[in-house]
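Spelled out from the first residue to the last, the chains are:
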Amino acid sequence: MSSAALIALIFVGGGLGSIARFGVGKMALHYYADGKFPLGTLIANTLACIILGVTLYIFKDRLLENDWIKYFVTIGFCGGFSTFSTFSLDTVRLFSDGLFLVGVLNILISVALGISILWVLIKI
């Protein structure tokens, strides 16, 4: 596959992932507008881990044969959908607002949940 095709796959996947991330964030604000915990970021990152894990599970023996999946789904979509920078900013804001316990919980829940999901789905 040409470099231009790979870049196009990453571009389209990343764009779709970013739009999905925006939608999840808006949905979380709609249902959880008064909460201090950054639920939208947690949901987006968790769903990205699930999508990545399921994709790796389904295509584990054929991933090398299907380059488009690697570039479109795992790098593009999951990269655009998950958001480490927003997770970091949310956590810094929680600490700045004096919500240290909520900030630590955000870190622990987000990291443990993401790693656990991928661990389970990759080990199946």
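None of the values given here were measured: they were computed from a predicted structure. (Residues numbered from 1 in each chain as written. Predicted model: local features only at pLDDT ≥ 70, side-chain atom pairs only at ≥ 80, totals over all residues. Heavy atoms only, no water.)

What follows deals with the layout of surface pockets. What the largest pocket holds in volume is close to 380 Å³. Lining the largest pocket we find 17 residues, and of these Arg21, Gly25, Leu29, Gly40 and Thr41 sit closest to its centre. The element best represented in the lining of the largest pocket is helix 1 (residues 3-31), accounting for six residues. Looking at the lining of the largest pocket residue by residue, the class counts come to eight nonpolar, five polar and four charged. One number sums up the size of the second largest pocket: a volume of about 280 Å³. As for the second largest pocket, its lining consists of 17 residues, of which Asn45, Cys49, Ser82, Phe84 and Ser110 are closest to the centre. With six residues, helix 2 (residues 39-58) is the largest single contributor of residues to the lining of the second largest pocket. Taken together, the residues that form the lining of the second largest pocket break down as 10 nonpolar, seven polar and no charged. (1 Å grid on protein atoms, 1.4 Å probe; cavity = no way out; pocket = protein on both sides within 12 Å on 5 of 7 lines; lining within 4 Å. Points joined across faces, edges and corners; volume = space filled by probe spheres on them. Helix = DSSP H or I, 4+ residues; strand = E, 2+ residues; numbered from the N terminus. Nonpolar A, V, L, I, M, F, W, Y, C, P; charged D, E, K, R; others polar.)

Moving on, we come to the nonpolar core. Soluble, globular proteins show a tendency: their nonpolar side chains are buried together. In this structure, Val24, Ala44, Ala48, Phe77 and Phe81 together form the largest nonpolar core, which totals five residues. Residue assignment for this core shows that the elements contributing at least two residues are helix 2 and helix 3 (67-81). (Core = buried A, V, L, I, M, F, W, Y, C linked by side-chain atoms within 4.5 Å. Buried < 20%, exposed > 50% of the residue type's maximum accessible area, 1.4 Å probe, protein only.)

This part takes up the environment of isoleucine 10. Along the chain, isoleucine 10 turns up in helix 1. Residue classification places isoleucine 10 among the partly exposed positions, given a relative accessible area of 30%. In sequence terms isoleucine 10 and tyrosine 71 are 61 residues apart; their C-alpha atoms lie 5.3 Å from each other. Contact partners of isoleucine 10, with chain neighbours within four places excluded, come to Tyr71, Ile75 and Gly76. (Contact = heavy atoms within 4.5 Å.)

What follows is about the environment of lysine 70. Inspection of the secondary structure puts lysine 70 in helix 3. Exposure remark for lysine 70: the relative accessible area of 36% places this residue in the partly exposed category. Considered as a pair, lysine 70 and leucine 52 are 18 residues apart in the sequence and their alpha carbons are 9.7 Å apart. With residues up to four places along the chain from it excluded, the contact list for lysine 70 reads Leu63 and Ile75.

Time to look at the state of the cysteines. Here the structure, examined in full by the defined rule, presents zero disulfides. Considering cysteine sulfurs only, cysteine 78 is the nearest to cysteine 49, which forms no disulfide, with 8.2 Å between them. Cysteine 78 gets classed as buried once you look at its relative accessible area, which sits at 4%. (Disulfide = S-S within 2.5 Å.)

Turning next to helix 1. If you check helix 1, its first and last C-alpha atoms are 42 Å apart, about what 29 residues at 1.5 Å a residue would give, namely 42 Å. All buried positions along helix 1 are accounted for by Leu6, Gly13, Gly14, Gly17, Arg21, Val24, Gly25 and Ala28. Here the buried face of helix 1 lies against helix 2, helix 3 and helix 4 (84-96). (Expected span 1.5 Å × (residues − 1).)

A separate point is the packing of aromatic side chains. Applying the stated criterion across every chain, the model contains three aromatic pairs. Ring geometry for phenylalanine 84 against phenylalanine 87: centres 5.7 Å apart, planes inclined by 50°, an arrangement best described as tilted. With a gap of three residues between them, phenylalanine 84 and phenylalanine 87 both fall in helix 4, about one helical turn apart. Given the relative accessible area of 63%, phenylalanine 84 is considered exposed. In this structure phenylalanine 87 comes out as buried when scored by relative accessible area, which is 9%. Against the face of tryptophan 119 rests lysine 123, its NZ or CZ located 4.8 Å from the ring centre. (Phe/Tyr/Trp six-rings, centres within 6.5 Å; stacked < 30°, edge-to-face > 60°. Lys NZ or Arg CZ within 6 Å of the ring centre and 35° of its normal.)

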